[in-house]
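# Observations on the three-dimensional arrangement
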Amino acid sequence: MRHDVIVVGGSYAGMAAALQLARARRPVLVIDAGLRRNRFAGASHGFLSQDGQAPAAIAETCRAQLMAYPSVDWINGQVESARGQDDSFSVTLSTGEEQHARRLILATGVTDTLPDIPGLRERWGRSVFMCPYCDGYELEQAPLGVLASCDTAFHMAMLIADWGPTTLFVNDACTLDAEQEAALSRRGVALETALVTAITGDRATVHLRDGRAIPVAGLFVAPRTEGSALATHLGCEMEESPTGSFITTDSKKETTQPGIFACGDVARASGSVSMAVGDGALAGISAHQSLIFR
Ligand SMILES: Cc1cc2nc3c(=O)[nH]c(=O)nc-3n(C[C@H](O)[C@H](O)[C@H](O)COP(=O)(O)OP(=O)(O)OC[C@H]3O[C@@H](n4cnc5c(N)ncnc54)[C@H](O)[C@@H]3O)c2cc1C
């Protein structure tokens with residue numbers, strides 16, 4: 001077997017995992033389809049030392065530093081399937097090529113599905129966002145919106161009020177009890193119950209079914225997330241969050257299947273670049289130590 005570990009997904013989590021293995025001089029293969037979650041954003045915020053950098057530039061620097069280690073191999077490609085058990089895993093790429101390793105690290109991220117409202121998708125990462133810690137500061141305390149997609153909208157609207165005067169567009173997608181309405185009112189959040197029909201404009205003008213249009217500088221929405229099917233095919237247990245499922249891992253980022261580790265957005269309810277890098281480092285170290293201690 002040429003590689004000790006195959007890392008599926010070569011973005012922030014996957015590269016952080018591979019780096020630890022490379023530094024232990026272990027042969028590691030990264031296979032990456034190149035579709036990072038934040039590829040729609042012009043700048044990435046909140047990752048120490050890289051605040052405000054373009055997501056692609058951060059990934060490029062990470063990759064250049066990783067590939068300086070001679071025990072790292074990289075394939076640009078899509079893993080279609082994976083099978084096997086501890087000490088003997090195989091993955092098959094869309095080209096039909098097979099690769100084998102003793103351990104697997106799944107760092108495949110998630111894909112986002114937004115509510116089906118005209119104009120929303122086009123503004124994703126520009127004026128429609130999912131995370132105020134990533135994008136709230138730059139909105140300069142201007143009027144903001146939260147578009148409900150599920151009941152987490154209450155939590156989001158309570159938070160967003162710190163970044164600017166907020167309107168919660170309920171859009172028949174969340175239910176609020178009297179206590180929640182009172183809490184929102186104390187935070188100064190306006191409630192809008194008319195259905196949303198479209199988003200237009202340079203930033204995000206929210207059009208309502210009753211004909212009104214409310215301009216906001218940024219609109220926050222929780223997308224529905226979906227992880228890669230590889231984990232379920234491999235028999236890894238999953239957990240449910242209000243917006244999608246994610247892979248169950250223990251305190252060392254090992255899944256319920258021995259020898260398979262998972263890190264980054266695919267293995268947490270919600271994530272960021274910093275968290276993906278932290279999880280990835282832990283998964284890489286744990287995979288390495290598992291090669292020695294069992
Ligand atoms: C619009 C937007 C803006 C964001 N802005 C910020 C921000 O400012 N700051 C911040 O900290 N976070 C931000 N995030 C969140 C951040 O993008 C994610 O938390 C982070 O990308 C997670 O890293 P990851 O390595 O787990 O997954 P990803 O970065 O999503 O990478 C997963 C990689 O795995 C690959 N892959 C998946 N399946 C396969 C397969 N079968 N075979 C091979 N490769 C595969 C994908 O192609 C991709 O390259 C933003 C997210 C969005 C949507």
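Here, the structure is the one placed above.
A brief report on the enclosed structure follows. Keep in mind the model is a prediction, meaning the values are calculated, not measured. (Residues numbered from 1 in each chain as written. Predicted model: local features only at pLDDT ≥ 70, side-chain atom pairs only at ≥ 80, totals over all residues. Heavy atoms only, no water.)

### Overview of the overall build of the protein chain
The helix and strand inventory of the protein chain stands at seven helices and 19 strands. In terms of overall dimensions, the protein chain is globule-like: its C-alpha atoms have a radius of gyration of 21 Å, near the 19 Å expected for 294 residues. Dimensions of the protein chain, computed from the C-alpha atoms along their principal axes, are close to 65 × 35 × 35 Å. Residues classed as buried in the protein chain amount to 51% of the 294 residues present. The long-range share in the protein chain, meaning contacts at least 24 apart out of those at least 6 apart in sequence, stands at 56%. Taken as a whole, the protein chain presents about 13,900 Å² of accessible surface, with 51% of it coming from carbon and sulfur. Of the charged side chains in the protein chain, 24 are positive and 33 negative, and the gap between their average positions amounts to 6 Å. (Helix = DSSP H or I, 4+ residues; strand = E, 2+ residues; numbered from the N terminus. Rg over C-alpha atoms; globule rule 2.2 N^0.38 Å. Buried < 20%, exposed > 50% of the residue type's maximum accessible area, 1.4 Å probe, protein only. Contact = heavy atoms within 4.5 Å. Areas by Shrake-Rupley, 256 points an atom, 1.4 Å probe, with all protein chains shown as cover. Lys, Arg positive; Asp, Glu negative; His and termini not counted. Charge placed at Lys NZ, Arg CZ, Asp CG, Glu CD.)

### Description of the packing of helix H1 (residues 12-23) against helix H2 (residues 55-67)
Angle between the axes and distance between the axes are the two parameters that describe a pair of packed helices. Their axes nearest at 10 Å, the elements H1 and H2 cross at an angle of 15°. Taken together, the axis directions place H1 and H2 in an arrangement best described as roughly parallel. By crossing handedness, the relation of H1 to H2 is classed as left-handed. Residues Tyr12, Met15, Ala18, Leu19 and Ala22 of H1 touch H2, and the partners they reach there are Pro55, Ile58, Ala59, Cys62, Arg63 and Leu66. A breakdown of the residues in the contact of H1 with H2 according to their chemical character gives 10 nonpolar, no polar and one charged. (Axes fitted to C-alpha atoms, helices over the stretch in contact; angles between N-to-C directions. Parallel < 35°, antiparallel > 145°, perpendicular 65-115°, else oblique. Left-handed = near helix turned anticlockwise from the far one by under 90°. Nonpolar A, V, L, I, M, F, W, Y, C, P; charged D, E, K, R; others polar.)

### Things to note about the sheet that holds strand S8 (residues 128-129)
An order of S8-S15-S9-S10-S11 is seen for the five strands of this open sheet, with the pairing classed as parallel. Each edge of the open sheet carries a strand with a single partner, namely S8 and strand S11 (190-192). Both S8 and strand S15 (residues 218-221) contribute to a ladder of two bridges, which runs parallel. The residue bridging valine 128 from the neighbouring strand is leucine 219, located in S15. Those strands touched by helix H4 (residues 153-160) are strand S9 (144-147), strand S10 (166-169) and S15, and its axis lies near 170° from that of S9. (Pairing = 2+ DSSP bridges.)

Coordinates in, geometry out; function isn't part of it.
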